[in-house]
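Topology and contacts: notes
If you want the building blocks of each chain, they are given just below.
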Amino acid sequence: MIEAGDLSRKALRQKLRKARRALGRSEQRRASVRLYKQLAQHPTFRRARHIALYLPNDGEIDPTLLLLAAQRRGKSIYLPVLRRWPSTRMDFQRLRRNEGLVLNRFRIAQPRCKPASRRPIWTLDLLLLPLVGFDEQGGRLGMGGGFYDRSLAYRRDRTQAGRPRLLGLAHECQKVDSLPLEAWDIPLHAAVTDRRWYAVI
Ligand SMILES: Nc1nc2c(c(=O)[nH]1)N(C=O)[C@@H](CNc1ccc(C(=O)N[C@@H](CCC(=O)O)C(=O)O)cc1)CN2
Ligand SMILES: Nc1ncnc2c1ncn2[C@@H]1O[C@H](COP(=O)(O)OP(=O)(O)OP(=O)(O)O)[C@@H](O)[C@H]1O
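Conventions we followed
- Residues numbered from 1 in each chain as written.
- Chains lettered and ligands numbered in written order.
- Predicted model: local features only at pLDDT ≥ 70, side-chain atom pairs only at ≥ 80, totals over all residues.
- Near = placed C-beta within 6 Å.
- Nonpolar A, V, L, I, M, F, W, Y, C, P; charged D, E, K, R; others polar.
- Helix = DSSP H or I, 4+ residues; strand = E, 2+ residues; numbered from the N terminus.
- Buried ≥ 20, exposed ≤ 12 C-beta atoms within 10 Å, placed from the backbone.
- Contact = placed C-beta atoms within 7 Å.
- Pairing = 2+ DSSP bridges.
- UniProt positions renumbered as here; feature names shortened; annotations may be inferred.

1. A look at the site of ligand 1
Taken together, the neighbourhood of ligand 1 is formed by 15 residues, with Tyr-54, Phe-106, Met-143, Gly-145 and Phe-147 sitting nearest. Each residue belonging to the shell around ligand 1 can be placed in one class, and the counts come to 11 nonpolar, 3 polar and 1 charged.

2. Some thoughts on the environment of His-189
Among the secondary structure elements, His-189 is positioned in the loop between strand S9 (165-170) and strand S10 (190-193). Judged by the 17 C-beta atoms lying within 10 Å of it, His-189 falls in the partly exposed class. The spacing of His-189 and Leu-128 is 61 residues in sequence and 11 Å in space, taken between C-alpha atoms. Leaving out residues up to four positions away in the same chain, His-189 has contacts with Arg-165, Leu-166, Leu-167, Val-200 and Ile-201.

3. Some thoughts on the pairing of strand S6 (residues 126-130)
The element S6 is largely enclosed, with a buried count of 5 among its 5 residues. As judged from the 2 bridges shared by strand S1 (residues 50-52) and S6, these two strands associate in the parallel manner. What sits directly across from Ala-52, in S6, is Leu-127. In this sheet, S9 lies alongside S6 in parallel orientation, the contact comprising 5 bridges.

4. Describing the UniProt feature "binding site: substrate" (unreviewed entry) in the protein chain
As recorded in UniProt, the feature "binding site: substrate" (unreviewed entry) lies at Leu-55 and Glu-60. If you trace the backbone, Leu-55 turns up in the loop between S1 and helix H4 (64-72). The exposure class of Leu-55 is partly exposed, given the 18 C-beta atoms found within 10 Å. Residues within four places of Leu-55 in sequence aside, it is in contact with Leu-79, Ile-108 and Ala-109. For Glu-60, a count of 23 C-beta atoms within 10 Å gives the class buried. The residues contacting Glu-60, other than those within four sequence positions of it, are Arg-20 and Pro-130.

So this is what it looks like as structure tokens:
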């Protein structure tokens, strides 16, 4: 396991991103099937009707099998869409079948911006977050843009109950012993890897 120890957030992010990008195609495929098996029959996933997830980038564990399962079961799927202004914000937008995707400024595919299809984050049942790193205490390291942190800021003064359930997804190699907690960090309810669940609360 990678020890966060003396590494800065930036150095740790680089190290963890490199580790996940180093995974080969077959390892990635196996990890995505294993992730699917961890989640597809889990009550948290089964009960959720409005689920936000992401399209993989930079070696992230691929939740596409879950996306397809959710669609088969008639659930609504949402993807992050970056706002043009302010450029630090993102929304969650409903993914409709047969609707084309475009590349955002980070070259990640996203639905074409359509304000009427946005859904406020607090009305989602389940948010599956891409992780760069995580620890067993609910700590999360993201890409560093603060996009998820800003979207989740409304929860800072609330109890951990309530919507949406926050599950971080990662490869097992992205686990670190302990992440320094920043003032704006919102803890995850659990992290799920290709190997297992790390429940926090
Ligand atoms: N799959 C996926 N989608 C996502 C996220 C994510 O982490 N994963 N995001 C979660 O926030 C948002 C995008 N955030 C991102 C933040 C930084 C970089 C990034 O690659 N930064 C480069 C520099 C890019 C540049 O400026 O050209 C880098 O750090 O190397 C990418 C996405 C929305 N969509
Ligand atoms: N609620 C917030 N309001 C304004 N700025 C914020 C907020 N949360 C985080 N930020 C800013 O976003 C930047 C990135 O934060 P951090 O390094 O924690 O990103 P991250 O959690 O890795 O990224 P992400 O949330 O995109 O996955 C920080 O500089 C921080 O000041």
